[in-house]
Amino acid sequence: MPTVAVDKEDLYQRLGKVYTTEEFDHLCFEFGIELDDDLQTTAEVEEAARNGQPTERPQLKIEIPANRYDLLCIEGIARALRVFLQKDKTPAYRLVFPTGGEANLLTATIAPETAQVRPFFACAILRNVKFTPRSYASFIDLQDKLHQNICRRRQLVAIGTHDLDTLKPPFRYEARAPKNIKFMPLNKTKEYTAEELMTSEKHLAKYLPIIRDSPVYPIIYDSQERVLSMPPIINSEHSKITLDTKNIFVDVTATDETKLNIVVNMVATMFSEYAADQYTIEPVRVVYPSGKSVIYPDISSRHTTARVSYINGCTGLSLKAEEIGTLLQRMSLIAHPSPIDPDNLLVEIPCTRPDIFHECDIMEDAAIGYGFNNLPKTFPATGTVAQPLAVSKLSDLVRREWAMAGWVEVLPLILCSHDENFGWLNRVDDNKTAVKLANPKTAEYQVIRTSLLPGLLKTIRENRKHPLPVKIFEASDVAFKDPALERQARNVRHAGAVWCNKTAGFEVVCGLLDRIMAMLEVPRILASDKKAKHGYYLLENEDPTFFPGRAAKILYRLKGNPPFSSSQMSQSPLTDTQHPTGPAFVTSPTGAEATKPSTFDNLKSTLSSVLPSIGSSLPKDLDIGVIGILHPSVLEKFEINFPCSALEFTLEPFMQEITPVWADES
């Protein structure tokens, strides 16, 4: 959450009381913010001054909710706390038109080319402002806090403030080719082209990528072709604000219209208290390329309703509508009982509270106004008993048994790189399996894993100095694309283990599989045993992740019909093309060759007449996983110098319906 540093003496003066650290900490807690730090007391500052040491005014660091943009400066914090303490009423912000009325409003025109880069534009004017050094610093700091917060480091919104007396309206918001833009940037003594700014100013480096690849750059001019700013990069030196500035012109450009309105309202309302006519703002007419004319800022209140019964039900109170209205007024909301429905409150939300969206937000403010510590403590009217999900209960069984067998559980991240999930395991991405991140921040986190093996192998790589053998396991989720679901993806619970030693230890992971199957009461059966109604077996399989001839897939025969379809219950760690149906998998011939029986076909036909058909039983059995000795190329890519055997299978076919603990089992 954002942390705001405010001058302690200035804040206490605004609140009309000097607080101890404990008292102010309690006030912050009651209001829903947090005192993060009390940097030096006044006595400590005075002592340092007497000793000739450099001193700064004592400050308070206050942590505020991320969506309370009205609390990002000392002006907003003091205003909100005074209303909360019922020392003031919610300020009534007003738009004041210039002499001559609406017809004489200053105008800003938006050029059509701005749609290519930052299409939205808003303005506001603060008249007859009186700055002090501290209020001026707060004005600059608020812009920086907004830029880092809701503006997303200027990517969504950028703010510019200018000395209106140095400019001549009307204004034009345009977008021009970089070579056609030239002006003197803030704190510079010579003019630069936009192209030169993009290469010479290192302190602007973090903002340059926002518009660098655009064919046109946004630029704001007055009627005499003087540049105000090149958003979102830098303002002009010509219109620079100083302590002597009296009339402030605020421009806001954005790619998001909702955030545009929030930001221009915050800047205008927070510092309208320094205007000669307090809490007044002069609007500006903005003309869009379509000819539509909009007056900014829009500081009108929003109106909504909240049910008294809902607020009382959530808080455990029994308050009347008038009493709840008084609580909401402490939170800068204006509420009155509905003349039509006594259960309804008519709530007026000021422009400084864009964090209020739903009825639950109003209920929360009423609870804060009442005091969370003052809410009645009662037992729930109904008793509930928690119980684990079936898949979680199954996972806990696997984890417990494998841990008791001497294996170490690991918890790697569910995100991995594309190469780790596919290329390093010698697997091919079919673009139908893995869920990929659209804008990964690093190459290490590009896809949601479809196998537990990358995480297990990376864990061994990072613990290469650990004494051998290394035997680790994980029972957690992987994810797959699933177009049949609304969310287009699903999680599947897998269990996996890797043994690393001087010898491959294939028999060790086989024993681990046998152990957990015994605990799940799943017997080992033969693949050719058609009479067995339940069990599991291994079937040799060629898999590029594993050493040739040293891999097998795990097949599971369920009792009766499965509770879910096989596509819902299980997803093999490998694709179907990597799991051919049986060891004698042969590609069918095509064309003329298909009509001529081969020697193999004749042999197969003869054997089928005298031996049980193994293949005929396979479609009824679920391919739930894979076991084998990892291929040397896989180990090389993960920088592992010893042979490893691995096991991975899905747990979901083994889930059983859990009887609720409150049900009558008899």
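Criteria and thresholds
- Residues numbered from 1 in each chain as written.
- Predicted model: local features only at pLDDT ≥ 70, side-chain atom pairs only at ≥ 80, totals over all residues.
- Heavy atoms only, no water.
- Helix = DSSP H or I, 4+ residues; strand = E, 2+ residues; numbered from the N terminus.
- Buried < 20%, exposed > 50% of the residue type's maximum accessible area, 1.4 Å probe, protein only.
- Contact = heavy atoms within 4.5 Å.
- Areas by Shrake-Rupley, 256 points an atom, 1.4 Å probe, with all protein chains shown as cover.
- Pairing = 2+ DSSP bridges.
- Arc of directions from axis to C-beta.
- Axes fitted to C-alpha atoms, helices over the stretch in contact; angles between N-to-C directions.
- Parallel < 35°, antiparallel > 145°, perpendicular 65-115°, else oblique.
- Left-handed = near helix turned anticlockwise from the far one by under 90°.
- Nonpolar A, V, L, I, M, F, W, Y, C, P; charged D, E, K, R; others polar.
- Phe/Tyr/Trp six-rings, centres within 6.5 Å; stacked < 30°, edge-to-face > 60°.
- Lys NZ or Arg CZ within 6 Å of the ring centre and 35° of its normal.
- Patch = residues over 30% accessible without salt bridge, like charges linked within 9 Å, V, L, I, M, F, W, Y side chains within 5 Å.
- Salt bridge = Lys/Arg side-chain N within 4 Å of Asp/Glu carboxyl O.
- Lys, Arg positive; Asp, Glu negative; His and termini not counted.
- Charge placed at Lys NZ, Arg CZ, Asp CG, Glu CD.
- Expected span 1.5 Å × (residues − 1).
- Polar contact = N/O pair within 3.5 Å; in protein donor to acceptor, adjacent residues only side chain to side chain.
- Disulfide = S-S within 2.5 Å.

Caption draft 1: View of the overall build of the chain. Across its full length, the chain carries 17 helices and 29 strands. Taking all 666 residues of the chain together, 48% fall into the buried category. Within the chain, counting contacts between residues at least 6 apart in sequence, those at least 24 apart form 74% of the total. For the chain, the accessible area works out to roughly 34,000 Å², and carbon and sulfur atoms hold 53% of it.

Caption draft 2: Layout of the environment of Phe357. By secondary structure assignment, the location of Phe357 is in the loop between β20 (344-349) and α10 (359-370). Residues Phe357 and Thr304 lie 53 residues apart in sequence; the distance between their C-alpha atoms is 9.4 Å.

Caption draft 3: Region of interest: the sheet that holds strand β13 (residues 234-235). Here seven strands make up an open sheet; going across it, the order is β13-β12-β11-β8-β5-β16-β17 and the pairing mixed. This sheet does not close on itself; its edge strands, each paired only once, are β13 and β17 (293-296). Both strand β8 (residues 171-176) and strand β11 (residues 217-221) contribute to a ladder of five bridges, which runs antiparallel. Bridging across to β11, Glu174 finds its partner in Ile219.

Caption draft 4: Looking closely at helix α2 (residues 21-31). Residues of α2 that are buried include every one of Phe24, Leu27, Cys28, Glu30 and Phe31, and no others. On an axial view of α2, the arc spanned by its buried residues comes to 160 degrees, and they lie on one face. Phi for Gly32, located one or two positions after α2, is positive at around 100 degrees.

Caption draft 5: Summary view of the packing of helix α5 (residues 133-148) against helix α7 (residues 257-271). Across the interface, α5 lies against α7 with an axial gap of 11 Å and an inter-helix angle of 165 degrees. Relative to α7, α5 is oriented roughly antiparallel. Crossing of α5 over α7 shows right-handed handedness. Residues Ser135, Ser138, Phe139, Leu142 and Leu146 of α5 touch α7, and the partners they reach there are Val263, Met266, Val267, Met270 and Phe271. Classifying every residue of the contact of α5 with α7 gives eight nonpolar, two polar and no charged.

Caption draft 6: Representation of the pairing of strand β7 (residues 157-163). By the criterion of burial, β7 is predominantly enclosed, with seven of the seven residues buried. Side chains of β7 alternate between two faces, with Val157, Ile159, Thr161 and Asp163 and Ala158, Gly160 and His162 buried alike. Pairing geometry for β7 and strand β14 (residues 248-254), over seven bridges, is antiparallel. Following the sheet pairing, His162 is matched in β14 by Phe249.

Caption draft 7: Just the packing of aromatic side chains, in detail. Under the counting rule described, the total for this entry stands at 18 aromatic pairs. The interplanar angle of 75 degrees and the centroid separation of 6.4 Å between the aromatic rings of Trp402 and Phe649 together place this pair among those described as edge-to-face. Of this pair, Trp402 sits in helix α11 (residues 390-404) while Phe649 sits in strand β29 (residues 644-650), placing them 247 residues apart in sequence. For Trp402, a relative accessible area of 0% gives the class buried. Of the aromatic side chains, those joined through ring pairs into one cluster are Phe131, Tyr136, Phe139, Phe271 and Tyr274. Directly above the ring of Tyr207 sits Arg154, whose terminal nitrogen or CZ lies 3.8 Å from the centroid.

Caption draft 8: Region of the structure containing a negative patch on the surface. Together, Glu22, Glu23, Asp25, Glu34, Asp36 and Asp37 line one region of the surface with negative charge. When residues of the negative patch are traced back to their parent elements, those giving at least two are α2 and β2 (34-39). Secondary-structure assignment places Glu34 in strand β2.

Caption draft 9: Structural context of α7. Helix length check: α7, at 15 residues, gives a terminal C-alpha distance of 22 Å against a target of 21 Å (1.5 Å per residue), a fit within 8%. Leu260, Ile262, Val263, Val264, Asn265, Met266, Val267, Ala268, Thr269, Met270 and Phe271 are the residues of α7 that are buried. The backbone nitrogen of Thr258 has a side-chain oxygen 2.9 Å away, supplied by the residue at the start of α7, namely Asp256.

Caption draft 10: Here's a closer look at the environment of Ala194. In this structure, Ala194 sits in helix α6 (residues 194-200). Under the relative-accessibility criterion, Ala194 is labelled buried at 0%. Counting along the chain gives 16 residues from Ala194 to Pro178, while the straight-line C-alpha distance between them is 4.9 Å. Look past the residues within four positions of Ala194 in its chain and what remains in contact with it is Pro178, Ile181, Tyr217 and Met230.

Caption draft 11: Structural detail: the state of the cysteines. Counting across every chain of the model gives zero disulfides. Cys360 takes part in no disulfide bond, and the closest cysteine sulfur, belonging to Cys314, lies 8.5 Å away. The exposure class of Cys360 is partly exposed, given its relative accessible area of 35%. Between Cys644, a cysteine without a disulfide, and Cys500, which holds the nearest cysteine sulfur, the sulfur-to-sulfur distance is 3.5 Å.

Spatial relationships are all this shows, so hold off on functional conclusions.
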